[in-house]
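Tertiary structure, described
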Amino acid sequence: MAELEPADQELLMLLRGVLEETDPVPGPLIEAAKAGFTWRTVDAELAELIADSVLDGAAVRATNAPRLVTFTAGAISLVIEIVAPPARAGEVARRLIGQIVGAPPAEVEVRHADGSLTVQADDYGRFRAAPVPPGPISLAVRFAGRRRPLVTSWVTV
Amino acid sequence: MRRRRCAAVAAKRARGRAPATDGFAVPAWFDRYRRGVADPSTSDLLRDAAGGDQRAWDQLVERYARLVWAVTRGHRLAYADSADVFQTTWLRLVEHLGQLRDPEHLAGWLSTTARHECLRVLRIGRRERPDEDVAGGADPVGSTGPGPEAALLVDEERAGVAAAFARLSERCQALLRLVVAEPGLSYTEISLALGIPVGSIGPTRGRCLRHLKDFLEERG
């Protein structure tokens, strides 16, 4: 930003102060971000978000098409469908329907802004979880046997 | 100086093995404080946070919160959605601390991650969510500019800047938010955070500043 004239730099400094005063980062959000550190996992393998139908689905998208989010870690993949209630129904909680592919039987913990809920995947790796409040979520998957647990990247639902 | 550095290295090595002085455990941050490094570098913070140091994490959040907020507020999101994007961005960093040791990349990583989450949330169109108590504060829904609090700015000059900024296009507001956000972003990082070509940032910034000054003058 060196090529700015002094008057412009001064104006930008003024603007910085104004924005800090009129649109500060809300204190509760900073506290929540700090508290989020407790979700840190040390022993788990990270499953990266590799696809999200809302971003990949180009322009042609049916209005009520289900949203599919895919994560992978090595040979294991995890697909979840996020079902949101219809708009203006007064209800906001989401339902998750998922499947873990390429893994032994597992327990799935859905971690979200207000806590977490744990469900058991069936023999085919399928699971359902509800209600899940809107906001960031991440799934922690613990397997029967010795395989390392897996956590997914966080994503907003 | 050399001796001090050696002591620091020794202290670093000793960390994690319950370093003790006079029988008291010395936390990592105190060790640095004692060495006269009051403001730890981002790379120290990243390393300590990756090692599980909550205090280092808190400092990272404080240092970069404005930047992440500037990105989310520049994307025409409802207030609750901005709040969710902000939260998701930090949670994602928690999981990626181990992979992100280079402090040079942190600002870019945070702003790019925040932008992607903004786009996701915009596409989901989840406006059905009531804007309840998410931020517990002022709630300028539908406007990304300063809210009515601008009127509270006692200083007339600052009030003038706030009013002029509110009249700018959304694109200009988004860009200027990032230009003034601390810690500063490179053109490449701003380009990633806003999804505009790097070559157009300089000219756009110039145009936005001109508009801002015009609006200020109109006000007299």
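Numbering of residues starts from 1 in every chain and runs along the sequence as written. Whichever chain is written first is A, and whichever ligand is written first is 1; the rest continue in order. Reporting of local features is limited, given that this is a predicted model, to residues whose pLDDT is at least 70; pairs of side-chain atoms are given and counted only at 80 or more, and all residues count toward the totals for whole chains, interfaces and linings.

Each helix is a run of DSSP H or I of at least 4 residues and each strand a run of E of at least 2, with the numbering of both proceeding from the N terminus. Tallying secondary structure elements over chain B gives ten helices and two strands in all. Sequence-ordered secondary structure for chain B, helices as α and strands as β, is α-β-β-α-α-α-α-α-α-α-α-α. Evaluated residue by residue, chain B yields a buried proportion of 39% over its 220 residues. Contact definition: two residues whose C-beta atoms, as placed from backbone geometry, lie within 7 Å. Of the contacts made within chain B by residues no fewer than 6 positions apart, 66% connect residues no fewer than 24 positions apart. Between the buried cut of 20 or more and the exposed cut of 12 or fewer other C-beta atoms within 10 Å of a residue's own C-beta lies the partly exposed class, and all C-beta atoms are placed from the backbone.

Attention now goes to the overall build of chain A. What chain A contains, in helices and strands, is three helices and ten strands. Starting at the N terminus and walking to the C terminus, you meet the elements of chain A as α-α-β-α-β-β-β-β-β-β-β-β-β. If you line up chain A on its principal axes, its C-alpha atoms span 70 × 40 × 30 Å. Within chain A, the proportion of its 157 residues that are buried is 34%. For chain A, restricting intrachain contacts to residue pairs at least 6 apart in sequence, the fraction spanning at least 24 positions comes to 48%.

This paragraph deals with the interface of chain A and chain B. Counting residues at the interface gives 43 residues for chain A, matched by 49 residues for chain B. For the side of chain A that touches chain B, the elements supplying multiple residues, two or more each, are helix 1 (6-22), helix 2 (27-35), strand 1 (45-52), helix 3 (53-56), strand 8 (136-143) and strand 10 (155-156) of chain A. If one sorts the elements of the side of chain A that touches chain B by residue count, helix 1 of chain A sits on top with eleven residues. Grouping the amino acids of the side of chain A that touches chain B by side-chain chemistry returns 27 nonpolar, seven polar and nine charged. Note on residue classes: Ala, Val, Leu, Ile, Met, Phe, Trp, Tyr, Cys and Pro are nonpolar, Asp, Glu, Lys and Arg are charged, and everything else, Gly too, is polar.

What follows is about the environment of Glu156 of chain B. Residue and element names in this part refer to chain B. Relative to the helices and strands, Glu156 resides in helix 7 (residues 156-167). The exposure class assigned to Glu156 is exposed, which follows from the 9 C-beta atoms found within 10 Å. As a C-alpha pair, Glu156 and Tyr187 span 31 residues in sequence and 32 Å in three-dimensional space.

Residues and elements named next belong to chain A. Note that strand 1 and strand 2 (residues 67-73) share four bridges and pair antiparallel. Each bridged residue has a counterpart across the sheet, and for Asp52 the counterpart in strand 2 is Val69. Here strand 2 pairs with strand 3 (residues 76-83) via seven bridges, running antiparallel. When the sheet's bridge partners are listed, Leu68 is paired in strand 3 with Glu81. Here the rule is simple: two strands pair whenever DSSP picks up at least two bridges between them. As consecutive antiparallel partners, strand 2 and strand 3 are separated by two residues, and within that stretch Gly74 has a phi angle of approximately 60 degrees, a positive value.

This brings us to the nonpolar core. When a protein is soluble and globular, its nonpolar side chains tend to lie buried together. Residue and element names in this part refer to chain B. Here, a nonpolar core means buried Ala, Val, Leu, Ile, Met, Phe, Trp, Tyr and Cys residues linked by C-beta atoms lying within 7 Å of one another. Core analysis: the largest hydrophobic core is formed by 88 residues, its most contacted members being Tyr64, Val68, Leu110 and Leu178. In terms of residue count, the dominant contributor to this core is helix 4 (residues 54-73) (eleven residues). If near-sequence neighbours (up to four positions away) are discounted, Tyr64 is found in contact with Leu106, Ala107 and Leu110.

Another aspect to go through is the pairing of strand 6 (residues 115-120) of chain A. As paired strands, strand 5 (residues 106-112) of chain A and strand 6 of chain A are joined by six bridges and run antiparallel to one another. Directly across from Glu109 of chain A, in strand 6 of chain A, lies its bridge partner Thr118 of chain A.

On to helix 3 (residues 42-50) of chain B, then. Residues of helix 3 of chain B that are buried include every one of Leu45, Leu46, Asp48 and Ala49 of chain B, and no others. Positive backbone phi, at 105 degrees, marks Gly52 of chain B, one or two positions downstream of helix 3 of chain B.

Okay, the confidence of the model for chain B next. All names here are of chain B. On average, chain B scores 78 in pLDDT, and the residues at 70 or more come to 69%. pLDDT measures the predictor's confidence residue by residue and takes values from 0 up to 100. Scored below 50 in pLDDT, residues 1-23 makes ten contacts in the model with residues more than four places away or belonging to other chains. Counting interchain partners and residues more than four positions distant, the pLDDT-below-50 stretch residues 127-145 has 38 contacts. If you check the scores for this complex, the pTM reads 0.80 and the ipTM reads 0.90.

Here we take up the packing of helix 8 (residues 170-180) of chain B against helix 10 (residues 201-219) of chain B. All names here are of chain B. It is at 10 Å that the axes of helix 8 and helix 10 come closest, and there the two elements cross at 105 degrees. In this view, helix 8 runs roughly perpendicular relative to helix 10, as classed from their interaxial angle. Residues Cys172, Leu175, Leu176 and Val179 of helix 8 touch helix 10, and the partners they reach there are Thr204, Arg205, Cys208 and His211. Class assignment of the residues belonging to the contact of helix 8 with helix 10 gives a composition of five nonpolar, two polar and one charged. Interaxial angles span 0 to 180 degrees and are taken between N-to-C directions of axes, which are lines fitted to C-alpha atoms, for helices over the stretch in contact. Should an angle lie under 35 degrees it is considered roughly parallel, over 145 roughly antiparallel, and from 65 to 115 roughly perpendicular; all remaining angles are considered oblique.

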